[in-house]
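Tertiary structure, described
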Amino acid sequence: SSMARVGEEAGALQKVMADLAEVLEHEDETRGEVLSAVAYPIFVLGFGVLTTVILLVFVFPRLFGMLSEMVDILPLPTRILLGASGFFQAHWPWILAGAAGAVLGLRWYFRSDSGSLLLDSWKLRLPVVGPVFRASATSRFARTLGTLAKSGVSLLPALEIIRNTIGNRVVARSILGVAEDARGGDSLA
């Protein structure tokens, strides 16, 4: 809607909408590529967690029954694993409820202002996909600024529009800093 307003003000609504459609198509294509790149590691991680839970709750307790008379001679890591397995088997409803509560609590927190800022900061610092998020935000910034500049929008209003549409609060804060510096007479670079 900000871009449509800019197009109306600049008298080039058709060109702005065409550029916007191109930008959105490119973002959708990039989002699909990122999702396909991240899907396999997420599947492997989920499968690993599921396998570990099954081993701790169902398989190891049966082994523990067979090894109960040898507990004193087992190595410490094995005893720790068997103890963790017994704990998970005895308290799995509470652990499941606690995990569900933690997921819901984190979801609520990440929807708040401070939580979404923290989540956006983490997204940019992730080991494998962090650079992808940074490149995506930078690309969105450059394309949107280029579209606005071609439409005749001056720098400060363009930075304000971009800040509201960038999709990452950490990057939006950086753009706000750039806008304030540009307002003070510094260059965009």
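Everything that follows concerns the structure shown earlier in this document.
Residues numbered from 1 in each chain as written. Predicted model: local features only at pLDDT ≥ 70, side-chain atom pairs only at ≥ 80, totals over all residues. Heavy atoms only, no water.

**Some thoughts on the overall build of the chain**
Secondary structure summary: the chain contains seven helices and zero strands in total. Overall, the chain shows an N-to-C arrangement of helices and strands of α-α-α-α-α-α-α. Looking at the chain as a whole, 22% of its 189 residues are labelled buried. Here the analysis covers contacts within the chain between residues at least 6 apart in sequence; of these, 53% occur between residues at least 24 apart. Accessible surface, the chain: about 12,900 Å² in total, of which carbon and sulfur atoms supply 67%. (Helix = DSSP H or I, 4+ residues; strand = E, 2+ residues; numbered from the N terminus. Buried < 20%, exposed > 50% of the residue type's maximum accessible area, 1.4 Å probe, protein only. Contact = heavy atoms within 4.5 Å. Areas by Shrake-Rupley, 256 points an atom, 1.4 Å probe, with all protein chains shown as cover.)

**Some thoughts on the packing of helix α4 (residues 113–125) against helix α7 (residues 169–183)**
The description of two packed helices rests on the angle between their axes and on the distance between the axes. The contact between α4 and α7 brings their axes to 7 Å, and the two run at 95 degrees. With respect to their mutual orientation, α4 and α7 come out roughly perpendicular. Every residue of α7 that contacts α4 at D113, S116, L117, D120, S121 and L124 is listed here: R169, V170, V171 and R173. Here the contact of α4 with α7 is composed, by residue class, of four nonpolar, two polar and four charged. (Axes fitted to C-alpha atoms, helices over the stretch in contact; angles between N-to-C directions. Parallel < 35°, antiparallel > 145°, perpendicular 65-115°, else oblique. Nonpolar A, V, L, I, M, F, W, Y, C, P; charged D, E, K, R; others polar.)

**Digging into the packing of aromatic side chains**
Throughout the structure, instances matching the rule amount to four aromatic pairs. Centroid distance F43 to F47: 6.2 Å. Interplanar angle 20 degrees. Geometry classified as stacked. One end of the pair is F43 and the other is F47, both in helix α2 (residues 13–67) and four residues apart, which spans about a single turn. Note on F43: relative accessible area 55%, which makes it exposed. Ring centres of F110 and W122 lie 5.9 Å apart, and the angle between their planes is 75 degrees; on these two criteria the pair is classed as edge-to-face. Of this pair, F110 sits in helix α3 (residues 76–111) while W122 sits in helix α4, placing them twelve residues apart in sequence. Each residue in the set Y109, F110 and W122 is aromatic and connected to the rest through ring pairs, giving one cluster. It is K123 that lies over the ring of F133; its NZ or CZ is 5.9 Å from the centre. (Phe/Tyr/Trp six-rings, centres within 6.5 Å; stacked < 30°, edge-to-face > 60°. Lys NZ or Arg CZ within 6 Å of the ring centre and 35° of its normal.)

**Focus: helix α5 (residues 130–150)**
The terminal C-alpha atoms of α5, which comprises 21 residues, lie 30 Å apart, in line with the 30 Å expected from a rise of 1.5 Å per residue. With its phi angle positive at about 90 degrees, G152 sits one or two positions after the end of α5. (Expected span 1.5 Å × (residues − 1).)

**Examining the pattern of salt bridges**
Following the criterion strictly, the structure yields three salt bridges and no others. As a salt-bridge pair, D113 and R169 come within 3.3 Å of each other at their nearest N and O atoms. Of this pair, D113 sits in helix α4 while R169 is found in helix α7, placing the two residues 56 residues apart along the sequence. A relative accessible area of 55% means that D113 is categorised as exposed. The shortest N-O distance in the salt bridge between R163 and E160 comes to 2.7 Å. Here E160 and R163 lie together in helix α6 (residues 155–165), a separation of three residues that amounts to about one turn. R163 gets classed as partly exposed once you look at its relative accessible area, which sits at 25%. (Salt bridge = Lys/Arg side-chain N within 4 Å of Asp/Glu carboxyl O.)

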